[in-house]
Amino acid sequence: MGGRRTDEKNEQGRGSGLEELLALHGQRCVHCGLCVRECAFLQEYGTPGAIAAGRGRQEPELAFACSLCGLCGAVCPPRVGLRPDRMFLAMRRQAVARGRADLSPYRALLFYEKMGTGRWLAGAFLPRGCDTVFFPGCALPGSRPEMLRALVLHLRRSVARIGIVLDCCTKPSHDLGRQDHFESMFPALCRGLRERGVRNVLVACPSCHRVFKEYGRGLRVSTLYEHPDILPQATPFAAEVTVHDPCGAREEPEIQAAVRRIAAAVSLTVREMEHHGARTVCCGEGGAVACVRPGFARQWSRRRSEEAGGRRVVTCCAGCLGFLGPLVESSHILDLLLTPRQALAGRVRHHRPPRTYLNRLLLKRWLGRIFAGSSCRLR
Ligand code: SF4
Ligand code: SF4
């Protein structure tokens, strides 16, 4: 019975229409309040069941105040097994499809995505015989270009014929409910990879991981962190830290464990925060809520930094670092492998826009030089 409910839970929202999800949440939610206790959005709008039975159909645009973080599903009792984040995503999609979503507050985010898929910043560097690529995503190349160069040079030594793909997985459009755009972009990227013989995608970003895992047919995706044999050797540096699990890795215990194994290899002692693993708390970036309800986004970030209790936060998501960095000392797990002394002393620079665009442009040019003759466009 438990297994069947888990399968149902995983299926919620995959191919299900909004009507189906509203009916499911309206009927099954027992209004226990466990999710409401965790979430400012639900405290304002009511339980997922109440939303489904009331405003969900008439006002699907209210879902733009939800961070799509998935914590509600993680705390929902197993006997109920709801996934409200999937219902809220379906509401966003309907609001966009009906022209009822005002996407103007997301202009900067959509520009960021457009640049990430455009000819200036996107590009693939695929040596002959390449069947494995590293896909660093958008945030890491912009915010940590020096570290990324060192990592690329290392991966070229540790993985035969590895390729690099600079591109955007278009998760911003996915999460904003721009389903038509997402479906016109991401499958084309995957097709371009498959047609060139690529079968394995190594990612750095847990959000890219989620997109490739859910939609990247014919491609095997895993994070770099799950392959310690191809990563640089760790230099031991004793210190106490805490780990922030990104929402994108909420349902990925292997990624959560891999990050902690790397921390242990660097001799770091991890003291867990109250919310971690499957019950992790959003950094504030989720669902681009900061663009429309900055108070909700701040509430998540503040909560996360309070739970850190003064310890350095280590994470595998460069996007989370952008949100948590101003509030709490934080490091990317790759900083700890490549530049541990600087990372623990807080001396690794996290670049921010507009500098990030220049960094990505320069990185692309650099890759063009070191992968001479191997560059191509995938879409
Ligand atoms: S996905 Fe996150 S923000 Fe949205 S309702 Fe659930 S817990 Fe709240
Ligand atoms: S935890 Fe589940 S059953 Fe309880 S209020 Fe939230 S969605 Fe409803």
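Thresholds applied
- Residues numbered from 1 in each chain as written.
- Chains lettered and ligands numbered in written order.
- Predicted model: local features only at pLDDT ≥ 70, side-chain atom pairs only at ≥ 80, totals over all residues.
- Heavy atoms only, no water.
- Helix = DSSP H or I, 4+ residues; strand = E, 2+ residues; numbered from the N terminus.
- Buried < 20%, exposed > 50% of the residue type's maximum accessible area, 1.4 Å probe, protein only.
- Contact = heavy atoms within 4.5 Å.
- Near = heavy atom within 4 Å.
- Nonpolar A, V, L, I, M, F, W, Y, C, P; charged D, E, K, R; others polar.
- Pairing = 2+ DSSP bridges.
- Lys, Arg positive; Asp, Glu negative; His and termini not counted.
- Salt bridge = Lys/Arg side-chain N within 4 Å of Asp/Glu carboxyl O.
- Polar contact = N/O pair within 3.5 Å; in protein donor to acceptor, adjacent residues only side chain to side chain.
- Domains from an automatic or database assignment.
- Buried area = accessible area lost by both parts, 1.4 Å probe.
- Axes fitted to C-alpha atoms, helices over the stretch in contact; angles between N-to-C directions.
- Parallel < 35°, antiparallel > 145°, perpendicular 65-115°, else oblique.

With respect to the helices and strands, the residue E61 is situated in the loop between α6 (55-58) and α7 (71-75). Taking the relative accessible area as the measure of exposure, E61 reaches 28% and is therefore partly exposed. Put simply, E61 and A95 are 34 residues apart on the chain and 5.4 Å apart in space, counted from C-alpha to C-alpha. Beyond its immediate sequence surroundings of up to four residues, E61 is in contact with A95 and R100.

Taken together, 13 residues surround ligand 1, and among them C39, C66, C69, G70 and C72 come closest. Secondary-structure elements contributing two or more residues to the shell around ligand 1 are α4 (40-45), α7 and α8 (84-97). Each residue belonging to the shell around ligand 1 can be placed in one class, and the counts come to ten nonpolar, two polar and one charged.

Turning to the sheet that holds strand β4 (residues 200-203), a few remarks are in order. The strand order β5-β4-β2-β3-β1-β10 describes an open sheet built from six strands, whose pairing is mixed. Edge positions in the sheet fall to β5 (220-223) and β10 (375-376), since each of these pairs with one other strand and no more.

Let us now look at the side chain of K364. Turning to its location among the elements, K364 is positioned in helix α20 (residues 355-370). Salt bridges are absent for the buried K364, whose nearest opposite-charge side chain, D167, sits at 9.0 Å. A distance of 2.6 Å separates a polar atom in the side chain of K364 from the backbone oxygen of R119. Setting aside chain neighbours within four positions, we find K364 in contact with R119, W120, L121, A122, G123, F125 and L166.

Now for the domain arrangement of the protein chain. How large an interface is tends to be reported as the accessible area lost when its parts come together. Here the domain parsing of the protein chain yields domain 1 (2-97), domain 2 (107-227 + 353-376) and domain 3 (229-344). Here the C-alpha centre of domain 3 lies 26 Å away from the C-alpha centre of domain 1. Domain 1 puts 19 residues into the contact, and the matching count from domain 3 is 18 residues. At the boundary of domain 1 with domain 3, total buried surface from both sides reaches about 1,400 Å², with 51% on carbon and sulfur atoms. At the junction of domain 1 and domain 3, the tally comes to three salt bridges. Linking domain 1 to domain 3 there are nine residue pairs in polar contact (both at pLDDT 80 or more). Its residues assigned to classes, the side of domain 1 that touches domain 3 shows twelve nonpolar, three polar and four charged.

For ligand 2, the full set of nearby residues is C29, V30, H31, C32, G33, C35, P48, C76, P77, V80 and L82. Partitioning the shell around ligand 2 into residue classes produces nine nonpolar, two polar and no charged.

What follows deals with the environment of S375. Checked against the element boundaries, S375 lands in strand β10. Spatially, the C-alpha atoms of S375 and A124 are 5.4 Å apart, while their sequence positions differ by 251 residues. Ignoring anything within four residues of it in the chain, the contact list for S375 reads A124 and F125.

With that settled, the discussion passes to the sheet that holds strand β9 (residues 330-332). Two strands in a sheet stick together by hydrogen bonds in their backbones, pointing the same way (parallel) or opposite ways (antiparallel). One open sheet holds the four strands; their spatial order is β7-β6-β8-β9, and the pairing between them is parallel. The open sheet has two edge strands with one neighbour each: β7 (268-270) and β9. Across the sheet, the axes of successive neighbouring strands diverge by a mean angle of 40 degrees, strand direction being ignored. Across three bridges, the pairing between strand β6 (residues 239-243) and strand β8 (residues 312-315) is parallel. Among the inter-strand pairings, V241 is bridged to a residue of β8, identified as R312.

Interhelical geometry of helix α13 (residues 179-195) versus helix α14 (residues 206-215) gives an angle of 80 degrees and a closest axis separation of 11 Å. Viewed along their axes, α13 and α14 adopt a mutual orientation that is roughly perpendicular. Where α13 abuts α14, its residues F182, F186, L189, C190 and L193 lie against V211, F212 and Y215. Residues that form the contact of α13 with α14 fall into these classes: eight nonpolar, no polar and no charged.

What follows concerns the pattern of salt bridges. All told, the structure shown has 18 salt bridges when counted by the stated rule. Between E251 and R83 there is a salt bridge, and its shortest N-O distance comes to 3.0 Å. Note that E251 is positioned in the loop between β6 and α15 (253-265) and R83 in the loop between α7 and α8, a separation of 168 residues in sequence. Judged by relative accessible area, which is 41%, E251 ranks as partly exposed. Using a relative accessible area of 4% as the deciding quantity, one classes R83 as buried. Each of the salt bridges in this network shares a partner with another, and the network as a whole consists of R83, D85 and E251.

Moving on: unusual backbone geometry. Across the junction of P353 and P354, the peptide omega takes the value 5 degrees, indicating a cis bond. Among the structural elements, P354 can be located in the loop between α19 (340-344) and α20. One non-glycine residue, H31, adopts positive backbone phi at about 55 degrees. Within the secondary structure layout, H31 lies in the loop between α2 (18-28) and α3 (34-38). What makes H31 partly exposed here is its relative accessible area of 44%. In this model, A288 sits at a positive phi of 55 degrees, which is unusual for a non-glycine residue. Mapped onto the elements, A288 comes out in the loop between β7 and α16 (294-308).

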